Amino acid sequence: MKKFFAKNFGNDVKHTFLNNLFKIITGPLSMILIPLLLTKQMQGYWYSFMSISALAMLADLGFTTIVLQFSAHEFAHLSFNERLEFLGDKIHFDRIASLFRFITKWGNYTVILSFPVIFIIGYYVLNSEKTSFQWILPWILYLIASGIKFYLNILLSYYEGCGLIASIQKLKSINIIFTYVLTIGLLILGFHLYALALSMFISALFFLWQVYSKFKNSIRQLIRDKIVYYSWRKEVLNLLWRYTISWFSGYMIFNLFTPLAFKFYGSKFAGQVGITDSLVTAIFSLANVWIYTINPKMNMLVSRKKWDELNKLFNKNMLKSIGAYCFFSISALLVFYLLSIYYPKISNRFLSLGTIACLLTAWLIQLIINTIAMYSRAHKEEPYVIPSFVTGIFVAVITFFITSHFSSNYLYYGFYLSFLFTLPWFYSIYSKRKRVLHSLEFK
């Protein structure tokens, strides 16, 4: 097991970093081309599509995180051969195979039930502004593609828990490049909103083919072999309802801004909000690589009760993540400042430099919160239900009130204010639970 981690952990970081680096590179290039090739109104619809489809977070309800955790705890006692078939004792294989069958059924039901609801919500928001161009068909295509990728992400979370992060990040990197080239090509050819919808739809089918080609042997093994079925329903649901509240709160905290900006301030301002949020969250994702890649290993170390190794790994990577975030944030502010001087046509499509700086500061705090939450969840626990719910309600209520009564300058005030109590609250819970969990294991 140690040789496995020594060989693959470096690759996990490298490939996950490259995957997110592609997002960082392609993101700004898109942010340059979109203002040049789309009207301000179309830009608003473009980013509203993305923001509304993020309602899939609510369909997920934290299920993909649970899948990763549970598969990691079981795979700690198994391994793969060169054909990516499972090796190990039958008890743990039966458990991880029954987990696979459970998550595929769950994914089927979730997609069928939730994505029609997301379509209706999107129609209500997007139809609030009259426009001369066609947006309904692109919205349908985009949502179908989102459903396919949502289902595939459930399967990939399962394999990430089995330590295959590097392989999965390679697949994602290829898909990102394929999607980007296709999107830009369609944009240049004048497909407008269809560039987003068609590229998403075609890349979803391509991604489906990628995943099946890579994991077909293990998928056949998991489905074909006779097993003693282990029922995961009770264990998963016991954790899922807590994650549901946290994920629902997460949507209210991070994804309300573009739809509300569209509804109350119009598509042009929504476009500025959407493109700015994309920039900031891309930087967050890139810096989060050092935490994301150790998540399966943290779960395995918890399963094996190796606390010293767990804490050293976590502390080292948390510092790397924070340092990377600060570096990327300062670099982004410098680039944006230069754009505002030499290319104002591009910089004007974003929110102001001051707003970007404030958002980057807020997301630094969120990075810290995210890392300590991931540490706690590696123990198959979700102790942040109440603070997540309170924060979500606080941000949603304040933001709804602001958008319906004040100018767009105050859009993010509820988001900023929430961090005054969120970080101390989360850190306090993290410290207490860390002491309690590890002391119980040593008794």
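This one's a predicted model, so the numbers in the text were calculated from it and none came from an experiment. (Residues numbered from 1 in each chain as written. Predicted model: local features only at pLDDT ≥ 70, side-chain atom pairs only at ≥ 80, totals over all residues. Heavy atoms only, no water.)

A count of helices and strands for the chain gives 18 helices and two strands. Burial status across the chain gives 56% buried among its 443 residues. For the chain, the accessible surface area stands at approximately 19,500 Å², while carbon and sulfur atoms represent 68% of it. (Helix = DSSP H or I, 4+ residues; strand = E, 2+ residues; numbered from the N terminus. Buried < 20%, exposed > 50% of the residue type's maximum accessible area, 1.4 Å probe, protein only. Areas by Shrake-Rupley, 256 points an atom, 1.4 Å probe, with all protein chains shown as cover.)

Before going further, it helps to spend a moment on the nonpolar core. In terms of nonpolar packing, the biggest core is built from 127 residues, with Phe86, Ile103, Tyr158 and Phe215 touching the most fellow members. At twelve residues, the largest contribution of residues to this core is made by helix H6 (residues 136-161). Apart from residues no more than four positions distant in its own chain, Tyr158 is found in contact with Val67, Ser71, Phe86, Ile96, Ala97, Leu99, Phe100, Ile103 and Leu222. If you look at the next biggest cluster of nonpolar residues, it comprises five residues, including Tyr251, Met252, Leu256 and Leu260. (Core = buried A, V, L, I, M, F, W, Y, C linked by side-chain atoms within 4.5 Å. Contact = heavy atoms within 4.5 Å.)

With phi around 60°, Leu84 is a residue other than glycine that occupies positive phi space. Mapped onto the elements, Leu84 comes out in the loop between strand E1 (78-80) and strand E2 (86-88).

Here we come to the packing of aromatic side chains. Inspection of the entire model under this criterion finds 39 aromatic pairs. Residues Phe314 and Tyr430 carry aromatic rings whose centres are separated by 6.1 Å and whose planes lie at 45° to one another, so their mutual orientation is tilted. Placement of the pair is Phe314 in helix H14 (residues 307-342) and Tyr430 in helix H18 (residues 413-442), with a sequence separation of 116 residues. In terms of burial, Phe314 and Tyr430 fall into one category: buried. Judged by centre distance (5.5 Å) and plane angle (65°), the ring pair of Phe327 and Phe328 falls under edge-to-face. Taken together, the ring pairs connect Phe254, Phe257, Phe284, Trp363, Phe401, Phe406, Tyr410, Tyr412, Tyr413, Phe415, Tyr416 and Phe419 into an aromatic cluster. (Phe/Tyr/Trp six-rings, centres within 6.5 Å; stacked < 30°, edge-to-face > 60°.)

Our next topic: a nonpolar patch on the surface. On the surface, a nonpolar cluster with roughly 740 Å² of combined accessible area is contributed by Leu334, Tyr337, Leu338, Ile341, Tyr342, Tyr343 and Leu353. If one sorts the elements of the nonpolar patch by residue count, H14 sits on top with five residues. Within the element layout of this structure, Leu353 appears in helix H16 (residues 353-377). (Patch = residues over 30% accessible without salt bridge, like charges linked within 9 Å, V, L, I, M, F, W, Y side chains within 5 Å. Salt bridge = Lys/Arg side-chain N within 4 Å of Asp/Glu carboxyl O.)

This paragraph deals with the confidence of the model for the chain. Per-chain confidence: the chain averages 84 in pLDDT, with 89% of residues scoring 70 or above. Within the model, pLDDT remains below 50 along residues 4-9, and this stretch shows ten contacts once partners closer than five positions in the same chain are excluded. (pLDDT = per-residue confidence, 0-100.)

Using the criterion set out here, one finds seven salt bridges in the structure. Between Lys90 and Asp94 there is a salt bridge, with the nearest N and O atoms lying 3.1 Å from each other. Note that Lys90 and Asp94 are positioned in helix H5 (residues 90-126) at a spacing of four residues, about one turn of the helix. Looking at Lys90, the relative accessible area reads 47%, which means it is partly exposed. The partner of Lys297 in a salt bridge is Glu309, with the nearest N and O atoms 4.0 Å apart. One end of the pair, Lys297, is in helix H13 (residues 295-303); the other, Glu309, is in helix H14, and twelve residues separate them in sequence.

What follows covers the environment of Thr399. Residue position: Thr399 is located in helix H17 (residues 385-405). Given the relative accessible area of 1%, Thr399 is considered buried. Sequence separation between Thr399 and Phe415 is 16 residues; the distance between their C-alpha atoms is 7.9 Å. Apart from the residues lying within four places of it in its own chain, the contact partners of Thr399 are Phe257, Leu260 and Leu411. Here Val395 takes part through its backbone oxygen, which lies 2.6 Å from a polar atom of the side chain of Thr399. (Polar contact = N/O pair within 3.5 Å; in protein donor to acceptor, adjacent residues only side chain to side chain.)

This next bit is on the packing of H5 against helix H8 (residues 193-224). At their nearest, the axes of H5 and H8 sit 9 Å apart, and the two run at 100° to each other. Accordingly, the angle class assigned to the pair H5 and H8 is roughly perpendicular. Residue-level inspection shows Phe93, Ile96, Ala97, Phe100 and Arg101 of H5 in contact with H8, the latter providing Ile219, Gln221, Leu222, Ile223 and Arg224. Here the residues of the contact of H5 with H8 are counted per class, giving seven nonpolar, one polar and two charged. (Axes fitted to C-alpha atoms, helices over the stretch in contact; angles between N-to-C directions. Parallel < 35°, antiparallel > 145°, perpendicular 65-115°, else oblique. Nonpolar A, V, L, I, M, F, W, Y, C, P; charged D, E, K, R; others polar.)

For any two helices packed against each other, the geometry comes down to the angle between their axes and how far apart the axes lie. For the pair H13 and H14, interaxial distance at closest approach is 9 Å and the crossing angle is 160°. The angle between the axes of H13 and H14 places the two elements in the roughly antiparallel class. Judged by the twist between their axes, the crossing of H13 over H14 is left-handed. Residues Lys297, Met298, Leu301 and Val302 of H13 form the contact with H14, whose participating residues are Trp307, Glu309, Leu310, Leu313 and Phe314. Broken down by class, the residue content of the contact of H13 with H14 amounts to seven nonpolar, no polar and two charged. (Left-handed = near helix turned anticlockwise from the far one by under 90°.)

Along the chain, Gln366 falls in helix H16. Ignoring sequence-local partners within four residues, the contact set of Gln366 consists of Phe254, Phe284 and Phe419.

Moving on, we get to the environment of Tyr375. Turning to its location among the elements, Tyr375 is positioned in helix H16. Overall, Tyr375 belongs to the buried group, its relative accessible area being 2%. Residues Tyr375 and Ile294, 81 residues apart in the sequence, show an inter-C-alpha distance of 9.8 Å.

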